[in-house]
Amino acid sequence: MLYMIAAMLLLPVGDTFAKLISETLNPVGVTMCRVLAQALLLVPIAFFLRHRLRGAMFSPVLALSGILLIISLTSLISAFAVMPIATAIAIFFVEPLILTLLAGFLLGETAGPRRLIAVGIGLVGALIVIRPGFSTYGWVTILPLISAVAYALNMILLKKATVTRSALTVQCGTTVYAAVGLVLLSMALSFTPMTGFVPSTADTSTWLLVLCAGAVAAISFVMIAEAYRTADATALAPFQYLEIMTATALGFLVFGDFPDALTGVGIAIILGSGIYIFHREGQSDTSAPRRKRAGR
(Lines give C-alpha, C1' and ligand atoms only; values in the text may rest on other atoms or scores of the structure.)
Protein backbone atom coordinates (compact mmCIF):
# COMPACT_ATOMS: atom_id res chain seq x y z
CA MET A 1 0.00 0.00 0.00
CA LEU A 2 2.90 2.36 0.70
CA TYR A 3 4.25 1.64 -2.79
CA MET A 4 0.84 2.54 -4.22
CA ILE A 5 0.58 5.75 -2.20
CA ALA A 6 4.03 6.92 -3.35
CA ALA A 7 3.28 6.08 -6.98
CA MET A 8 -0.06 7.90 -6.95
CA LEU A 9 1.53 11.05 -5.55
CA LEU A 10 4.29 10.88 -8.18
CA LEU A 11 2.31 10.05 -11.34
CA PRO A 12 0.80 13.56 -11.84
CA VAL A 13 4.33 14.94 -11.98
CA GLY A 14 4.90 12.87 -15.12
CA ASP A 15 1.48 13.92 -16.44
CA THR A 16 2.46 17.56 -15.98
CA PHE A 17 5.65 16.99 -17.96
CA ALA A 18 3.57 15.29 -20.67
CA LYS A 19 1.17 18.25 -20.92
CA LEU A 20 4.10 20.63 -21.24
CA ILE A 21 5.63 18.46 -23.98
CA SER A 22 2.27 18.38 -25.82
CA GLU A 23 2.77 22.06 -26.58
CA THR A 24 5.51 20.95 -29.00
CA LEU A 25 4.67 17.37 -30.03
CA ASN A 26 1.50 15.54 -31.03
CA PRO A 27 -0.01 13.10 -28.48
CA VAL A 28 1.45 9.99 -30.14
CA GLY A 29 4.87 11.64 -30.24
CA VAL A 30 4.61 12.64 -26.58
CA THR A 31 3.66 9.09 -25.61
CA MET A 32 6.41 7.55 -27.72
CA CYS A 33 9.13 9.83 -26.35
CA ARG A 34 7.91 9.29 -22.79
CA VAL A 35 7.86 5.51 -23.10
CA LEU A 36 11.23 5.40 -24.88
CA ALA A 37 12.75 7.50 -22.11
CA GLN A 38 11.11 5.21 -19.57
CA ALA A 39 12.63 2.17 -21.31
CA LEU A 40 16.05 3.82 -21.41
CA LEU A 41 15.93 4.57 -17.69
CA LEU A 42 14.68 1.09 -16.82
CA VAL A 43 17.87 -0.44 -18.29
CA PRO A 44 20.20 0.70 -15.46
CA ILE A 45 17.50 -0.06 -12.89
CA ALA A 46 17.17 -3.60 -14.25
CA PHE A 47 20.96 -3.99 -14.30
CA PHE A 48 21.50 -2.95 -10.69
CA LEU A 49 18.45 -4.90 -9.54
CA ARG A 50 19.00 -7.89 -11.84
CA HIS A 51 18.65 -10.22 -8.87
CA ARG A 52 15.01 -9.08 -8.76
CA LEU A 53 14.35 -10.18 -12.34
CA ARG A 54 12.25 -13.35 -12.33
CA GLY A 55 10.10 -15.01 -14.97
CA ALA A 56 9.61 -14.45 -18.69
CA MET A 57 10.06 -10.85 -19.76
CA PHE A 58 8.65 -11.39 -23.26
CA SER A 59 5.32 -13.19 -23.49
CA PRO A 60 1.80 -12.67 -24.92
CA VAL A 61 0.42 -11.36 -21.62
CA LEU A 62 3.08 -8.62 -21.43
CA ALA A 63 2.59 -7.82 -25.12
CA LEU A 64 -1.11 -7.25 -24.38
CA SER A 65 -0.10 -5.14 -21.38
CA GLY A 66 2.06 -3.03 -23.69
CA ILE A 67 -0.88 -2.48 -26.06
CA LEU A 68 -3.13 -1.43 -23.18
CA LEU A 69 -0.42 0.93 -21.96
CA ILE A 70 -0.27 2.55 -25.41
CA ILE A 71 -4.05 3.00 -25.49
CA SER A 72 -4.21 4.38 -21.97
CA LEU A 73 -1.32 6.83 -22.26
CA THR A 74 -2.16 8.07 -25.76
CA SER A 75 -5.80 8.67 -24.85
CA LEU A 76 -4.97 10.55 -21.65
CA ILE A 77 -2.19 12.64 -23.20
CA SER A 78 -4.52 13.52 -26.08
CA ALA A 79 -6.97 14.81 -23.48
CA PHE A 80 -4.21 16.80 -21.76
CA ALA A 81 -3.56 18.64 -25.03
CA VAL A 82 -7.14 19.97 -25.06
CA MET A 83 -8.39 20.24 -21.49
CA PRO A 84 -6.83 21.11 -18.10
CA ILE A 85 -4.79 18.27 -16.67
CA ALA A 86 -6.86 18.16 -13.48
CA THR A 87 -10.12 17.86 -15.44
CA ALA A 88 -8.79 14.98 -17.52
CA ILE A 89 -7.55 13.16 -14.42
CA ALA A 90 -10.90 13.68 -12.70
CA ILE A 91 -12.74 11.98 -15.55
CA PHE A 92 -10.07 9.27 -15.54
CA PHE A 93 -10.96 8.56 -11.90
CA VAL A 94 -13.79 6.28 -12.85
CA GLU A 95 -10.91 3.78 -13.19
CA PRO A 96 -10.70 2.60 -9.56
CA LEU A 97 -14.40 1.79 -9.61
CA ILE A 98 -14.01 -0.06 -12.92
CA LEU A 99 -11.02 -1.92 -11.50
CA THR A 100 -12.86 -2.95 -8.36
CA LEU A 101 -15.75 -4.31 -10.40
CA LEU A 102 -13.53 -6.06 -12.97
CA ALA A 103 -11.40 -7.66 -10.24
CA GLY A 104 -14.46 -9.56 -9.05
CA PHE A 105 -15.12 -11.02 -12.50
CA LEU A 106 -11.56 -11.56 -13.74
CA LEU A 107 -9.56 -12.19 -10.56
CA GLY A 108 -12.20 -13.64 -8.26
CA GLU A 109 -11.41 -11.01 -5.63
CA THR A 110 -14.42 -10.33 -3.44
CA ALA A 111 -14.87 -6.74 -2.35
CA GLY A 112 -17.12 -6.39 0.70
CA PRO A 113 -19.87 -3.79 0.83
CA ARG A 114 -17.81 -1.45 3.03
CA ARG A 115 -14.91 -1.45 0.58
CA LEU A 116 -17.24 -0.85 -2.36
CA ILE A 117 -18.89 2.02 -0.51
CA ALA A 118 -15.45 3.50 0.25
CA VAL A 119 -14.52 3.29 -3.44
CA GLY A 120 -17.78 5.01 -4.37
CA ILE A 121 -17.23 7.75 -1.79
CA GLY A 122 -13.72 8.30 -3.12
CA LEU A 123 -15.13 8.66 -6.61
CA VAL A 124 -17.60 11.26 -5.36
CA GLY A 125 -14.70 13.12 -3.75
CA ALA A 126 -12.75 13.11 -7.04
CA LEU A 127 -15.75 14.53 -8.89
CA ILE A 128 -16.19 17.22 -6.23
CA VAL A 129 -12.56 18.29 -6.62
CA ILE A 130 -12.73 18.91 -10.35
CA ARG A 131 -16.42 18.94 -11.32
CA PRO A 132 -15.67 18.02 -14.96
CA GLY A 133 -17.69 19.81 -17.63
CA PHE A 134 -18.62 17.22 -20.22
CA SER A 135 -20.45 19.78 -22.34
CA THR A 136 -17.44 22.13 -22.41
CA TYR A 137 -15.00 19.76 -24.15
CA GLY A 138 -17.41 17.58 -26.13
CA TRP A 139 -16.21 14.21 -27.41
CA VAL A 140 -12.72 14.77 -25.96
CA THR A 141 -14.12 13.83 -22.55
CA ILE A 142 -14.43 10.26 -23.87
CA LEU A 143 -10.64 9.97 -24.10
CA PRO A 144 -9.99 9.86 -20.33
CA LEU A 145 -12.77 7.26 -20.06
CA ILE A 146 -11.06 5.10 -22.69
CA SER A 147 -7.80 5.57 -20.81
CA ALA A 148 -9.46 4.52 -17.56
CA VAL A 149 -10.85 1.27 -19.00
CA ALA A 150 -7.51 0.38 -20.62
CA TYR A 151 -5.63 1.18 -17.41
CA ALA A 152 -7.97 -0.94 -15.27
CA LEU A 153 -7.59 -3.90 -17.63
CA ASN A 154 -3.82 -3.43 -17.54
CA MET A 155 -3.83 -3.52 -13.74
CA ILE A 156 -5.69 -6.85 -13.93
CA LEU A 157 -3.02 -8.17 -16.29
CA LEU A 158 -0.26 -6.94 -13.97
CA LYS A 159 -1.84 -8.81 -11.09
CA LYS A 160 -1.92 -12.02 -13.14
CA ALA A 161 1.56 -11.51 -14.61
CA THR A 162 3.25 -10.94 -11.25
CA VAL A 163 2.15 -14.37 -10.04
CA THR A 164 5.06 -15.90 -12.00
CA ARG A 165 7.16 -12.79 -12.60
CA SER A 166 8.76 -10.10 -10.50
CA ALA A 167 7.41 -6.56 -10.69
CA LEU A 168 10.62 -5.38 -12.35
CA THR A 169 10.39 -8.09 -15.03
CA VAL A 170 6.78 -7.16 -15.79
CA GLN A 171 7.51 -3.46 -16.15
CA CYS A 172 10.57 -4.03 -18.31
CA GLY A 173 8.68 -6.33 -20.65
CA THR A 174 5.59 -4.13 -20.86
CA THR A 175 7.67 -1.02 -21.51
CA VAL A 176 9.67 -2.68 -24.30
CA TYR A 177 6.50 -3.88 -26.04
CA ALA A 178 4.88 -0.45 -25.68
CA ALA A 179 8.00 1.31 -26.99
CA VAL A 180 8.22 -0.92 -30.07
CA GLY A 181 4.49 -0.51 -30.72
CA LEU A 182 4.67 3.27 -30.46
CA VAL A 183 7.68 3.48 -32.77
CA LEU A 184 5.83 1.41 -35.39
CA LEU A 185 2.69 3.53 -34.94
CA SER A 186 4.67 6.75 -35.29
CA MET A 187 6.40 5.45 -38.42
CA ALA A 188 3.01 4.62 -39.96
CA LEU A 189 1.54 8.01 -39.04
CA SER A 190 4.58 9.82 -40.43
CA PHE A 191 3.24 9.04 -43.92
CA THR A 192 0.20 11.18 -43.09
CA PRO A 193 0.13 14.99 -42.74
CA MET A 194 0.64 14.58 -38.97
CA THR A 195 3.91 16.05 -37.68
CA GLY A 196 5.66 16.55 -34.34
CA PHE A 197 6.74 13.04 -33.39
CA VAL A 198 10.16 13.94 -31.92
CA PRO A 199 11.66 17.22 -30.67
CA SER A 200 14.23 18.99 -32.81
CA THR A 201 17.85 18.39 -31.83
CA ALA A 202 18.18 22.01 -30.71
CA ASP A 203 15.12 21.87 -28.44
CA THR A 204 16.98 21.00 -25.24
CA SER A 205 14.14 22.04 -22.93
CA THR A 206 11.73 19.55 -24.51
CA TRP A 207 14.33 16.76 -24.42
CA LEU A 208 14.87 17.51 -20.72
CA LEU A 209 11.12 17.30 -20.10
CA VAL A 210 11.03 13.98 -21.96
CA LEU A 211 13.81 12.53 -19.78
CA CYS A 212 12.10 13.75 -16.62
CA ALA A 213 8.76 12.28 -17.71
CA GLY A 214 10.44 8.96 -18.47
CA ALA A 215 12.19 8.86 -15.10
CA VAL A 216 8.99 9.55 -13.19
CA ALA A 217 7.09 6.95 -15.20
CA ALA A 218 9.79 4.29 -14.71
CA ILE A 219 9.85 4.72 -10.94
CA SER A 220 6.07 5.01 -10.61
CA PHE A 221 5.14 1.95 -12.64
CA VAL A 222 7.70 -0.28 -10.91
CA MET A 223 6.17 0.71 -7.57
CA ILE A 224 2.65 0.06 -8.92
CA ALA A 225 3.60 -3.40 -10.15
CA GLU A 226 5.20 -4.19 -6.79
CA ALA A 227 2.04 -3.04 -5.02
CA TYR A 228 -0.20 -5.26 -7.14
CA ARG A 229 2.14 -8.20 -6.57
CA THR A 230 1.54 -8.13 -2.81
CA ALA A 231 -2.02 -6.83 -2.36
CA ASP A 232 -5.51 -7.29 -3.81
CA ALA A 233 -6.52 -4.97 -6.64
CA THR A 234 -9.71 -4.09 -4.78
CA ALA A 235 -7.70 -3.03 -1.72
CA LEU A 236 -5.37 -0.84 -3.76
CA ALA A 237 -8.00 0.80 -5.97
CA PRO A 238 -9.07 3.58 -3.56
CA PHE A 239 -5.48 4.76 -3.11
CA GLN A 240 -5.44 5.86 -6.73
CA TYR A 241 -7.59 8.80 -5.63
CA LEU A 242 -4.50 10.22 -3.92
CA GLU A 243 -3.25 11.13 -7.37
CA ILE A 244 -5.71 14.00 -7.38
CA MET A 245 -3.80 15.70 -4.55
CA THR A 246 -0.62 16.11 -6.58
CA ALA A 247 -2.63 16.96 -9.71
CA THR A 248 -4.46 19.73 -7.86
CA ALA A 249 -1.23 21.12 -6.41
CA LEU A 250 0.55 21.05 -9.77
CA GLY A 251 -2.46 22.58 -11.48
CA PHE A 252 -2.09 25.54 -9.14
CA LEU A 253 1.71 25.82 -9.30
CA VAL A 254 2.25 25.19 -13.02
CA PHE A 255 -1.01 26.10 -14.76
CA GLY A 256 -2.52 28.64 -12.34
CA ASP A 257 -5.59 26.66 -11.34
CA PHE A 258 -6.42 27.89 -7.83
CA PRO A 259 -8.17 25.26 -5.67
CA ASP A 260 -11.40 26.45 -4.04
CA ALA A 261 -13.23 25.33 -0.90
CA LEU A 262 -15.02 22.47 -2.67
CA THR A 263 -11.63 21.16 -3.79
CA GLY A 264 -10.56 20.93 -0.16
CA VAL A 265 -13.75 19.05 0.70
CA GLY A 266 -13.16 16.63 -2.17
CA ILE A 267 -9.56 15.97 -1.18
CA ALA A 268 -10.66 15.31 2.41
CA ILE A 269 -13.21 12.78 1.16
CA ILE A 270 -10.60 11.09 -1.03
CA LEU A 271 -8.11 10.86 1.83
CA GLY A 272 -10.79 9.56 4.18
CA SER A 273 -11.70 6.82 1.71
CA GLY A 274 -8.10 5.69 1.31
CA ILE A 275 -7.37 5.79 5.05
CA TYR A 276 -10.51 3.77 5.75
CA ILE A 277 -9.51 1.06 3.28
CA PHE A 278 -5.99 1.00 4.77
CA HIS A 279 -7.52 0.59 8.24
CA ARG A 280 -9.89 -2.18 7.12
CA GLU A 281 -7.09 -4.04 5.33
CA GLY A 282 -4.93 -3.81 8.44
CA GLN A 283 -7.72 -5.27 10.52
CA SER A 284 -8.07 -8.16 8.05
CA ASP A 285 -4.33 -8.88 8.19
CA THR A 286 -4.27 -8.97 12.00
CA SER A 287 -7.47 -10.93 12.42
CA ALA A 288 -6.52 -13.68 9.95
CA PRO A 289 -3.78 -15.23 12.15
CA ARG A 290 -6.13 -15.19 15.13
CA ARG A 291 -8.78 -17.05 13.16
CA LYS A 292 -6.20 -19.55 12.04
CA ARG A 293 -4.96 -20.17 15.58
CA ALA A 294 -8.52 -20.52 16.81
CA GLY A 295 -9.14 -23.21 14.17
CA ARG A 296 -6.22 -25.22 15.52
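Residues numbered from 1 in each chain as written. Predicted model: local features only at pLDDT ≥ 70, side-chain atom pairs only at ≥ 80, totals over all residues. Heavy atoms only, no water.

**Q** An account of the confidence of the model for the chain is requested, with residue identities and associated values reported.
**A** Residues at a pLDDT of 70 or more form 84% of the chain, whose mean pLDDT is 81. Helix α3 (residues 60-80) holds the highest mean pLDDT among the elements of the chain, 94, whereas helix α7 (residues 134-137) holds the lowest, 58. For the stretch residues 289-296, pLDDT sits under 50, and the model shows 1 contact to residues farther than four places along the chain or on other chains. (pLDDT = per-residue confidence, 0-100. Helix = DSSP H or I, 4+ residues; strand = E, 2+ residues; numbered from the N terminus. Contact = heavy atoms within 4.5 Å.)

**Q** Which residues make up the packing of aromatic side chains, and what are the values?
**A** Under the counting rule described, the total for this entry stands at 3 aromatic pairs. Considering the side-chain rings of Phe58 and Tyr177, the 5.9 Å spacing of their centres and the 75 degrees angle between planes classify their relative orientation as edge-to-face. Note that Phe58 is positioned in the loop between α2 (27-48) and α3 and Tyr177 in helix α9 (residues 167-189), a separation of 119 residues in sequence. Residue class for Phe58 comes out exposed when judged on its relative accessible area of 53%. Tyr177 gets classed as partly exposed once you look at its relative accessible area, which sits at 28%. Ring plane angle 75 degrees and centroid distance 5.5 Å describe the contact between Phe92 and Tyr151, whose orientation is recorded as edge-to-face. Taken together, the positions of Phe92 in helix α4 (residues 85-92) and Tyr151 in helix α8 (residues 142-161) put the pair 59 residues apart, joining distant regions of the chain. Positioned above the aromatic ring of Phe255, the side-chain terminus of Lys19 is 5.7 Å from the ring centre. The ring of Phe47 has Arg50 sitting right over it, with the charged end atom 4.5 Å from the ring centre. (Phe/Tyr/Trp six-rings, centres within 6.5 Å; stacked < 30°, edge-to-face > 60°. Buried < 20%, exposed > 50% of the residue type's maximum accessible area, 1.4 Å probe, protein only. Lys NZ or Arg CZ within 6 Å of the ring centre and 35° of its normal.)

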